[in-house]
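Here is how the chains run, residue by residue.
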Amino acid sequence: MAGTSDSTSGSAGNWIFRNKDDGKTSATASLGMIYLWDVEGGLAQLDKYYDISDKPVRAGALLGVGIVNCGIKSDCDPALALIGEYTDNEDSSVRIGAIMGIGIAYAGSQNDQIKSSLSPILNDEKAPLDVVAFAALSLGMVYVGSCNDEVAQSIMFALMDRNSAEPGEALVRFLPLGLGLLYLGKQESVEATAEISKTLCEKIRNYCKMTLLSCAYAGTGNVLKVQELLAQCGEHPEKDTIHQGPAVLGVAMIAMSEELGRDMAIRSLEHVLQYGEQNIRRAVPLALGLLCISNPKMNVMDTLSRLSHDTDSEVAMTATISLGLIGAGTNNARIAGMLRNLSSYNEQHARLLFCVRIAQGLLHMGKGLLTLNPFHSDRVLLSPTALAGIVTLLHACLDMKSIILGKYHYVLYFLALAMQPRMMLTVDENLKPISVPVRVGQAVDVVGQAGRPRTITGFQTYETPVLLAAGERAELATDKYIPLSPILEGFVILGENPNYREE
Amino acid sequence: MAPAPDPNSSVGGGGGAKRDQASTKVKAPKKKEEDLSEEDLELKQNLELYVKRVQDPNPELQKTALESMSQEIRASTSSMTSVPMPLKFLRPHYGTLKDCHQKMAESDLKKLLADILSVLALTMSAEGERESLGYRLAGSGGDIGSWGHEYVRNLAGEVAVEYTIRQVQESSMMDLMDLVRQIVAFHMKHNAETEAVDLLMEVEDLDPLLDHVGRTNFRRTCNYLTSAAKYRPWPDDMVALDIAYMIYMKFKAYPNALQIALLLDNMQYVKKVFTSCTNLLRKKQFCYMISRHGITFNLDPEMVEDKDDRSMLQEIVNNIKLNEGYLTLARDIDVMEAKRPEDIYKVWPSCGIC
């Protein structure tokens, strides 16, 4: 129900306070989700919660501000102005709310001001681990794909410092993730940092290596790296390890760029599922969820459904959430049915039920108008900020019990970075929406074919605005207008056709 | 078997014996000597005559013989659904002609013979010998297309193999690259853009493509380049995308060029698209494309001169319009009403959009 104003806003106060502690944070932040992209409306709603004495609620409000501004940039920087000062607050939950809010609002912007306010936190010995972890993550998001040396160094030092202290803590995985996000899709530029990461302590060293590798080659389809990662997954180490989880996610991240690679990866993941260790089995549903995000494919749906009834409860939890991911924003009836069954099956298990509810929320995201797919523009371009948001959530889900089902469930809000309307909206030369007939059908791959074959098949004619499902394409059904771009997605400006004759 | 017509009487002796043999067998191969039609037999005899003449020391005779032979071959190799008659008849003489070529002195005639041998090598040469290529490089280097499609395709395949071998040996590629250019020009003219791009990728030099793309085929070429880039390792994929970008810019297909620029994550290219395109409306469309990509992009005076225009375009890039558009969509599809959690938990399969 994101993006539309809720009828419960009148009695908003009450439902937020029905929760306890960190539950209130998520509840307040959800206001931000409801007013997604509506900066004025959202800020007005959240206004009353900034100075409230109740710390979790304040934290949620700051986070909500960040969410509202997600993807919207502006010269006056309202998010930074409102929440910037709270990053140094005494209360760590308020700090985290502010830091996360900034990370979401300014993802990809490479804002120096943020760097100077968040970097000191990384090197602050007195700062608690969770604050440092979120700071690293937010910095990674703000500088996503930039390979910024300064930020990389700060995060690396933080990793080395924290090394000896609390390597077992769940949130420590956000530090390598923040580092990895800096090199998202940048392939070889990560080499230098990867070398340095070999000096880290053993517990985190491999995790860091896998994360860096998977982030650097994300979306490239590099076969050699996929093989490397699969080799890692094939090992059976004696001790309990955590690094194979990111390796599995890495396979999905690298292979997801095009159809063939994606199908091959899905098959490989099935094999990995069979012979893999425990921590691998927990990561496979997440990887499947990433490969088919907002694209409910039958075979993947069936695999995930089977896994959601697995005896290992963590596998069941990740599989449930992945069901939500693959159907995100599609309102798919089959998945809805599966999730309803799961909810009655898991009535006694609060944790699993929680996952089912999250999945159901994802399924009906934006009433079926949104998508989480980071690929756009005819599946050619990969949005780095969107991918960053999704990958963060997946890494957090690798340790469900401590993060999502623990105190830090608001990590789910990172998905806001990936939410986009899956529409085609035609506007005229004055940027006012107009309605024209379009044909929407399955996209056909016409590369290398002779002549000028049709690019869509099995189409129906609708009036814009139309919704485009995964794998669909639209084409104009009228000669009255000429689109200014051959790629018909999102906002399309139409110019009048001077040669058009009314029949 | 039908009774053979008169012209076959000269080879009737042998044919007769064969006919006897044939009649005793249940199945008999169709193409027998006496089955040849009048023209075919004449052609065969002519060709045999030419071959004899080529071995003649008199250059005049050689010349006419060679020219007539090449005439026959050219006329027949434009389509290769089955092996053409002249090539078939010349098969037994391939060895003779090869020897002849070797013994000949350097001259235009030798080059002409080399051309012919190159075509014959299509069907005759052993696997992996690359004789066709060898003779082509020794030949006159004339219009490659006149020998037919199949010939060019075969040559392209041999060039690719030769390239890798020469790379290992680190020898000169000059003659090879000239030939590549000729082949590429031929393919591009005949709607075989994918084959041209394939060949250029094999020889790791996509630049000649820019000279040969035309308005009719640039989209297909770039489509192929973009798709091929997905399967190539770094840095080859960047090279392919670079060329695609330059082709799109050359033909002023700015939205596609912008897409490639964003794919390459090259802000210089993005800037160049803005500065090259003068239409303000188009620039607005570019801004929408960039805003969907989610990167932070600041327009400067070089890209958009007018201050008001620039602030309007910057607004679009900053995604300020997103909320409006989204709510318009929601209103149009009539989903503005919020759902209650209970509705989600108990939604029946028949309900739901999409």
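Keep in mind that this is a model prediction, so the values were computed, not measured.

Participant: Please explain the overall build of chain A as it appears in this structure.
Facilitator: Along the backbone of chain A there are 22 helices and eleven strands. For chain A, whose C-alpha radius of gyration is 23 Å, the value lies close to the compact-globule estimate of 23 Å for 503 residues. Dimensions of chain A along its principal axes, counting C-alpha atoms only, are 80 × 55 × 50 Å. Here chain A, with 503 residues, has 62% of them falling under the buried criterion. The contacts of chain A with a sequence gap of at least 6 include a subset with a gap of at least 24, amounting to 71%. Here chain A has roughly 18,800 Å² of accessible surface; of this, 48% comes from carbon and sulfur atoms. Distance from the positive charge centre (41 side chains) to the negative charge centre (54 side chains) of chain A: 5 Å.

Participant: Help me understand the nonpolar core, please; the structure alone is not making it clear to me.
Facilitator: Here is a general trend for soluble globular proteins: nonpolar side chains tend to be buried in one another's company. Residues A:F134, A:F174, A:L372 and B:I247 are the most contacted members of the largest nonpolar core, which totals 280 residues. Ranked by residue count, the leading element in this core is helix 8 (residues 129–142) of chain A, at eleven residues. Ignoring any residue separated from it by four or fewer positions in sequence, one finds A:L372 in contact with A:I293, A:S294, A:L325, A:A328, A:L362, A:M365, A:I390, A:L415, A:A418 and A:M419. One finds A:V438, A:L468, A:A474 and A:L488 within the second-largest nonpolar core, a separate group that totals twelve residues.

Participant: Help me understand the interface of chain B and chain A in this model?
Facilitator: A common measure of how large an interface is: the accessible area buried when the components associate. At the junction of the two partners, chain B supplies 55 residues and chain A supplies 64 residues. Summed over both partners, the interface of chain B with chain A buries about 5,800 Å², with 62% contributed by carbon and sulfur atoms. In this structure, the connection of chain B to chain A is made through one salt bridge. In this assembly, chain B and chain A are joined by twelve residue pairs in polar contact (both at pLDDT 80 or more).

Participant: How should I be thinking about the packing of helix 16 (residues 280–293) of chain B against helix 17 (residues 307–317) of chain B in this particular structure?
Facilitator: Helix-helix packing is described using two parameters, namely the angle between the two axes and the distance between the axes. Residue and element names in this part refer to chain B. Packing of helix 16 against helix 17 brings their axes to within 7 Å, and their N-to-C directions diverge by 30°. On the basis of their axis angle, the class for helix 16 and helix 17 is roughly parallel. For the pair helix 16 and helix 17, the sense of crossing is right-handed. From helix 16, L280, K283, K284, C287, Y288, I290 and S291 reach across to helix 17, where they touch D309, M312, L313, I316 and V317.

Participant: Looking at this model, I keep getting lost on the side chain of B:Q285. Mind explaining?
Facilitator: Inspection of the secondary structure puts B:Q285 in helix 16. Judged by relative accessible area, which is 2%, B:Q285 ranks as buried. Side-chain polar atoms of B:Q285 contact the backbone oxygen of A:F491, separated by 3.0 Å. In contact with B:Q285, other than residues within four places in its own chain, are A:L484, A:S485, A:F491, A:V492 and A:I493.

Participant: Explain the pairing of strand 5 (residues 423–427) of chain A here, please?
Facilitator: Here is the key point about a regular strand: its side chains alternate between the two faces of the sheet. Residue and element names in this part refer to chain A. Among the five residues that make up strand 5, five are buried, leaving the element largely enclosed by the rest of the structure. By the alternation rule, side chains of strand 5 split into M423, L425 and V427 and M424 and T426, which are all buried. Both strand 5 and strand 8 (residues 466–467) contribute to a ladder of two bridges, which runs antiparallel. By the bridge assignment for strand 8, M424 is matched with V466. Pairing analysis gives four bridges linking strand 5 to strand 11 (residues 490–496), with the strands arranged parallel.

Participant: Teacher, can you tell me more about the sheet that holds strand 10 (residues 481–483) of chain A here?
Facilitator: Sheet strands pair via backbone hydrogen bonds, and the direction of the pair is either parallel or antiparallel. On the basis of which strands lie adjacent, the open sheet formed by four strands has the order 8-5-11-10 (chain A) and mixed pairing. Sheet topology places strand 8 and strand 10 of chain A at the edges, where each strand pairs with a single neighbour. When strand 10 of chain A meets strand 11 of chain A, the two strands line up antiparallel, connected through three bridges. Among the inter-strand pairings, A:I482 is bridged to a residue of strand 11 of chain A, identified as A:G495. Against the sheet, helix 18 (residues 322–333) of chain B touches strand 5, strand 8 and strand 11 of chain A, its axis set at about 105° to strand 5 of chain A.

Participant: I keep staring at the pattern of salt bridges and nothing clicks. Help me out?
Facilitator: All names here are of chain A. Enumeration according to the criterion identifies 26 salt bridges over all chains in this entry. The salt bridge involving E259 is made with R262; its shortest N-O contact spans 3.2 Å. Taken together, the residues E259 and R262, both in helix 15 (residues 259–275) and three residues apart, mark about one turn of the helix. Here R262 falls in the buried class, since its relative accessible area comes to 5%. Each of D112, K115 and E150 takes part in one network of salt bridges that share partners.

Participant: Is there a simple way to think about empty space enclosed by the protein in this case?
Facilitator: Over the atoms, a rolling probe the size of a water molecule traces out where space has been left empty. The full count for this structure, using the stated rule, is four cavities of 30 Å³ or more. Of the pockets and cavities examined, the largest cavity occupies roughly 140 Å³. For the lining of the largest cavity, the residue count by class is nine nonpolar, six polar and two charged. Empty space within the second largest cavity amounts to approximately 60 Å³. Taken together, A:L425, A:V427, A:L431, A:P433, A:F491, B:Y288, B:K321, B:E324, B:G325 and B:T328 make up the lining of the second largest cavity.

Participant: Is there a simple way to think about unusual backbone geometry in this case?
Facilitator: One can expect most non-glycine residues to show negative phi and most peptide bonds to be in trans. All names here are of chain A. Between T464 and the following residue, P465, the backbone shows a cis peptide bond with an omega angle of 0°. Mapped onto the secondary structure, P465 falls in the loop between strand 7 (456–463) and strand 8. Positive phi is not limited to glycine here, since D77 has a value of about 45°. Mapped onto the fold, D77 is located in the loop between helix 4 (55–68) and helix 5 (78–83). Despite not being glycine, S294 has its phi angle at roughly 55°, a positive value. Relative to the assigned elements, S294 resides in the loop between helix 16 (278–291) and helix 17 (298–307). When its relative accessible area of 5% is taken as the criterion, S294 is described as buried.

Participant: Looking at this structure, I do not really get the UniProt feature "domain: 26S proteasome non-ATPase regulatory subunit RPN1 C-terminal" (unreviewed entry) in chain A. What am I missing?
Facilitator: The positions UniProt marks with the feature "domain: 26S proteasome non-ATPase regulatory subunit RPN1 C-terminal" (unreviewed entry) are residues 447–500 of chain A. A distance of 30 Å separates the end C-alpha atoms of residues 447–500 of chain A, which is 0% helix and 46% strand.

Participant: When you look at helix 14 (residues 254–264) of chain B in this model, what are you seeing that I'm missing?
Facilitator: Since the α-helix turns once every 3.6 residues, residues separated by three or four places project in the same direction. Across the eleven residues of helix 14 of chain B, ten count as buried, placing the element largely inside the fold. Taken together, the buried positions of helix 14 of chain B are occupied by B:Y254, B:P255, B:N256, B:A257, B:L258, B:Q259, B:I260, B:A261, B:L262 and B:L264. The inward-facing, buried residues of helix 14 of chain B contact strand 3 (381–382) of chain A together with helix 12 (218–229), helix 13 (236–250), helix 15 (267–276) and helix 16 of chain B. Two residues or fewer after helix 14 of chain B comes B:D265, characterised by a positive phi angle close to 55°.

Calculation rules
Residues numbered from 1 in each chain as written. Chains lettered and ligands numbered in written order. Predicted model: local features only at pLDDT ≥ 70, side-chain atom pairs only at ≥ 80, totals over all residues. Heavy atoms only, no water. Helix = DSSP H or I, 4+ residues; strand = E, 2+ residues; numbered from the N terminus. Rg over C-alpha atoms; globule rule 2.2 N^0.38 Å. Buried < 20%, exposed > 50% of the residue type's maximum accessible area, 1.4 Å probe, protein only. Contact = heavy atoms within 4.5 Å. Areas by Shrake-Rupley, 256 points an atom, 1.4 Å probe, with all protein chains shown as cover. Lys, Arg positive; Asp, Glu negative; His and termini not counted. Charge placed at Lys NZ, Arg CZ, Asp CG, Glu CD. Core = buried A, V, L, I, M, F, W, Y, C linked by side-chain atoms within 4.5 Å. Buried area = accessible area lost by both parts, 1.4 Å probe. Salt bridge = Lys/Arg side-chain N within 4 Å of Asp/Glu carboxyl O. Polar contact = N/O pair within 3.5 Å; in protein donor to acceptor, adjacent residues only side chain to side chain. Axes fitted to C-alpha atoms, helices over the stretch in contact; angles between N-to-C directions. Parallel < 35°, antiparallel > 145°, perpendicular 65-115°, else oblique. Left-handed = near helix turned anticlockwise from the far one by under 90°. Pairing = 2+ DSSP bridges. 1 Å grid on protein atoms, 1.4 Å probe; cavity = no way out; pocket = protein on both sides within 12 Å on 5 of 7 lines; lining within 4 Å. Points joined across faces, edges and corners; volume = space filled by probe spheres on them. Nonpolar A, V, L, I, M, F, W, Y, C, P; charged D, E, K, R; others polar. UniProt positions renumbered as here; feature names shortened; annotations may be inferred.

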